[in-house]
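Coordinate inspection notes
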Amino acid sequence: MSMRQLVVSLVLMVCPVAGASEVAVVQTDWSCGPGSAGPTPVWAGAFSASDDVAWASVPGQLALSTTPVTDAERIVLPGDALGAIKVFAGDLDLDGDTDVLGCAYYGNQLVAFYNDGGSPPSWQRQVIDGSFEEALAVAVADVDRDGRLDVLAGSAAGAEVMWWRNLGGSPAVWEGHLIADDVPGTHDVAGADLDGDGDIDAVAVSFEDDEILWWRNDGEDPPRWERLVVASEVDYPTKVSVADVDRDGDLDLFSVAWEGRQIAWWRNDGGDPIRWTGRVIGEHFVGAHWVHAADVDGDGWTDVLGAAMNLGQLAWWRNDGSDQSGWEKTVVTGSLPGAVSVIAGDIDGDGDQDVGGAGWSASGGMAWFENLDGNGAEWAEVKVDTEFGPSSSVHLADVDGNGSLDFLGSAWDHGELAWWRVGDFVEAGWLESSILDAGRAVDWVGCGWTASEPHNASLVVEVRASKDAQDLGRWMPVSPGPGCPGAPDGTRFLQYRVLVASSDPTVSPVLEEIRFVHEPMAAPAPRRASGRVIP
């Protein structure tokens, strides 16, 4: 058992087994952000307010916010990766830690690295496929719906798109399956349910055939794949990104065309097979190489980021949310030499989307850009590694499991895959929930939470409750277990507050779930006419 797993197990939720009349109210998601004071009958993904707490960095977790590390240490993953071209991440062995995948173009390898959960992590290297000719693309998805992440990948010279079934284990056992062998110059792959039938379909781009393709998964075991075309004559496509751009309930695509110098959106119009309507949203983007979907300005609509190598530029286009007819471009930076890859995430834990980038140049390397105003209009560069060039891709994930996003990158000439811790935790922060409305006066019979509390870090939960949502009284600390001090019996409204702190900038408490249990008020004991309780 890893130290991180041990720490979590010491503070697991403890609450009474719910009877037929008991109701457990749980919050495991805070990603909708602050501003919802309540009262509300359930805690969905929102809360009332916070300060210096990261709620959007790692899904389903609360941790302290961070400040930029001034001299991030490069930690190279073991073994050679000749022509390292892509890096990706996911929990391949279901042990709760972030594992890493990479493509070695010259090495013809698809490689996995298993994280042991240590602090810092140690890695076990595994070659998933050592003869995948010019391995150029990799992604993860649960293709067979068994709860384990499978791997999708594409080879340029081999013209293959494949998936490997994860049979479980640590390291995982892999079973390779061919999706297609007629996709020359496969430059990117993705897995997503495009037709809405509950199965993971496959998407890929062919820069030699100038096509964006998708394959319908028929849901059998193993799946059979039907080849379908999203678009042709795209003029050297290199990347796709999947998102519901128009919020109509189905998944659309963004694409980038190197020689076409364009960013485009492909609207999923439904049908069988799917009909696609294309719209160019960014032109004259010279050296266009990467595209990534994210809500950069936090308005609830999916925007798109792009990287242009010749311009040394990372930029984003705003989805105006009306009919997606107007896409306003904002430049994040014009000074990342050979800008080849871009990604978004809440790197500093302040609730907005920051941007990470990689530069295909000896002076390019790795950098991230802080979203200063939260709207994507003002950016500040933070250099991560200026000697990791030419860098070929960037990815974000919580590699060390401490609650903040780390940098992952691949370097072509170095033949390396590496990661960097890019944030130091602030000393303290807090979050207040929305006010919960139980619907009537109830007795609060239990509370608990799932959290990690490393050495030199602390997490305190406080509660207040009342019959009046406008006057909840004073905060009272609570401990997990039966009862709920601070929440008197016979109250209807409850609010919790989480206080997190750390004296070590490398660790933070991490909250994953909080739960309160209530039941109908106990009926008062009958009394005699004299007022005495009947025995």
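For the structure itself, consult the block above.
Summary of the structure given here. Keep in mind that this is a model prediction, so the values were computed, not measured. (Residues numbered from 1 in each chain as written. Predicted model: local features only at pLDDT ≥ 70, side-chain atom pairs only at ≥ 80, totals over all residues. Heavy atoms only, no water.)

**Quick look at the overall build of the protein chain**
If you tally the helices and strands in the protein chain, you get one helix and 41 strands. For 535 residues, the compact-globule formula gives about 24 Å, and the C-alpha radius of gyration of the protein chain, at 25 Å, lands near that figure. Overall, the C-alpha framework of the protein chain stretches about 95 × 50 × 45 Å when taken along its three principal axes. Buried positions account for 57% of the 535 residues belonging to the protein chain. Pairs at least 24 residues apart make up 54% of the contacts formed inside the protein chain by residues separated by at least 6 positions. As displayed, the protein chain has an accessible area near 20,900 Å², and 48% of this comes from carbon and sulfur atoms. Here the protein chain holds 30 positive side-chain charges and 86 negative ones, and the gap between their average locations is 10 Å. (Helix = DSSP H or I, 4+ residues; strand = E, 2+ residues; numbered from the N terminus. Rg over C-alpha atoms; globule rule 2.2 N^0.38 Å. Buried < 20%, exposed > 50% of the residue type's maximum accessible area, 1.4 Å probe, protein only. Contact = heavy atoms within 4.5 Å. Areas by Shrake-Rupley, 256 points an atom, 1.4 Å probe, with all protein chains shown as cover. Lys, Arg positive; Asp, Glu negative; His and termini not counted. Charge placed at Lys NZ, Arg CZ, Asp CG, Glu CD.)

**Some thoughts on unusual backbone geometry**
Of the consecutive residues serine 119 and proline 120, the connecting peptide bond is found in the cis state with omega at 0°. Secondary-structure assignment places proline 120 in the loop between β9 (109-115) and β10 (123-129). With an omega of -5°, the peptide bond between aspartate 221 and proline 222 qualifies as cis. Residue position: proline 222 is located in the loop between β17 (211-217) and β18 (225-232). Its identity is not glycine, yet leucine 94 carries a phi of approximately 60°, on the positive side. Looking at where leucine 94 falls in the secondary structure, it is placed in the loop between β7 (84-90) and β8 (99-104).

**A look at empty space enclosed by the protein**
Summary: where empty space remains is shown by rolling a probe the size of a single water molecule over the atoms. Enumeration according to the criterion identifies one cavity of 30 Å³ or more in this entry. Roughly 40 Å³ of internal volume is contained in the largest cavity. Those elements that place two or more of their residues in the lining of the largest cavity are β21 (262-268) and β22 (276-282). Counting residues per element, the lining of the largest cavity draws most heavily on β22, at three residues. Across the lining of the largest cavity, the residue classes tally to one nonpolar, two polar and two charged. (1 Å grid on protein atoms, 1.4 Å probe; cavity = no way out; pocket = protein on both sides within 12 Å on 5 of 7 lines; lining within 4 Å. Points joined across faces, edges and corners; volume = space filled by probe spheres on them. Nonpolar A, V, L, I, M, F, W, Y, C, P; charged D, E, K, R; others polar.)

**Thoughts on the sheet that holds β18**
Spatially, β15-β16-β17-β18 is the arrangement adopted by the four strands of the open sheet, whose pairing is antiparallel. Two strands lie at the open edges of the sheet, namely β15 (186-192) and β18, each paired on one side alone. In this sheet, neighbouring strand axes are inclined to one another by 20° on average, regardless of whether the strands run parallel or antiparallel. Relative to strand β16 (residues 201-206), β15 runs antiparallel, the two being bridged by six bridges. Each residue of the ladder has a partner; that of alanine 192, found in β16, is aspartate 201. (Pairing = 2+ DSSP bridges. Axes fitted to C-alpha atoms, helices over the stretch in contact; angles between N-to-C directions.)

**Observations concerning the environment of valine 230**
With respect to the helices, strands and loops of the structure, valine 230 is situated in strand β18. With sequence-adjacent residues up to four places away left out, valine 230 is seen in contact with Ile212, Leu213, Trp214, Leu253, Trp266 and Trp276.

**Some remarks on the layout of surface pockets**
By volume, the largest pocket is sized at about 1,200 Å³. For the largest pocket, the lining is made up of 41 residues, of which Ser57, Val58, Pro59, Asp398 and Leu405 are closest to its centre. When contributions to the lining of the largest pocket are tallied by element, the ones reaching two or more residues are α1 (3-10), β7, β27 (339-345), β31 (391-397) and β41 (510-520).

**Re the nonpolar core**
Soluble globular proteins tend to bury their nonpolar side chains together. Counting residues in each nonpolar core, the largest one holds 32 residues, and the members touching the most others are Trp30, Trp444, Trp449, Tyr496 and Phe516. Listed by contribution, the elements that provide at least two residues to this core are β36 (436-452), β37 (457-466), β40 (491-502) and β41. No other element matches the seven residues that β36 contributes to this core. Counting 23 residues, the second largest nonpolar core, distinct from the first, contains Tyr114, Val138, Val151 and Ala172. (Core = buried A, V, L, I, M, F, W, Y, C linked by side-chain atoms within 4.5 Å.)

**Quick look at the environment of alanine 192**
Along the chain, the position of alanine 192 falls in strand β15. A residue is classified by how much of its surface remains accessible, and alanine 192, at 8% relative accessible area, is buried. Spatially, the C-alpha atoms of alanine 192 and leucine 511 are 29 Å apart, while their sequence positions differ by 319 residues.

**Overview of the pairing of β36**
A large share of β36 lies buried, amounting to 14 of its 17 residues. Across three bridges, the pairing between β36 and β40 is antiparallel. If you follow leucine 436 over to β40, its bridge partner there is leucine 494. Relative to β41, β36 is paired through 10 bridges, and the arrangement is antiparallel. Within β41, the residue paired with glycine 446 across the bridge is valine 517.

**Considerations on the pattern of salt bridges**
Across all of its chains, the model carries 22 salt bridges by this definition. For the salt bridge of aspartate 199 with arginine 145, the shortest nitrogen-to-oxygen distance reads 3.2 Å. Taken together, the residues aspartate 199 in the loop between β15 and β16 and arginine 145 in the loop between β11 (135-141) and β12 (150-155) connect sequence positions 54 residues apart. Looking at arginine 145, the relative accessible area reads 51%, which means it is exposed. Residue aspartate 182 is joined to arginine 227 by a salt bridge in which the shortest nitrogen-to-oxygen separation is 3.5 Å. (Salt bridge = Lys/Arg side-chain N within 4 Å of Asp/Glu carboxyl O.)

**Notes on the side chain of aspartate 437**
By the element assignment, aspartate 437 lies in strand β36. Residue classification places aspartate 437 among the buried residues on the basis of a relative accessible area of 19%. Contact partners of aspartate 437, with chain neighbours within four places excluded, come to Pro39, Thr40, Pro41, Arg492 and Phe493.

**Observations concerning the sheet that holds strand β20 (residues 252-257)**
Spatial strand order, β19-β20-β21-β22: four strands in an open sheet with antiparallel pairing. Each end of this open sheet is capped by a strand with a single partner; those strands are β19 (237-243) and β22. The sheet shows a mean angle of 25° between the axes of neighbouring strands, direction not considered.

**Considering the pairing of β37**
Successive side chains on a regular strand alternate, one facing one side of the sheet and the next facing the other. Of all the 10 residues making up β37, seven are buried; the element is thus mostly covered by neighbouring parts of the structure. Relative to β40, β37 is paired through 10 bridges, and the arrangement is antiparallel. Bridge pairing in β40 places alanine 465 opposite leucine 494. As judged from the three bridges shared by β37 and strand β38 (residues 476-478), these two strands associate in the antiparallel manner. The partner of valine 461 across the bridge, within β38, is valine 478.

The analysis is restricted to geometry; functional conclusions fall outside its scope.
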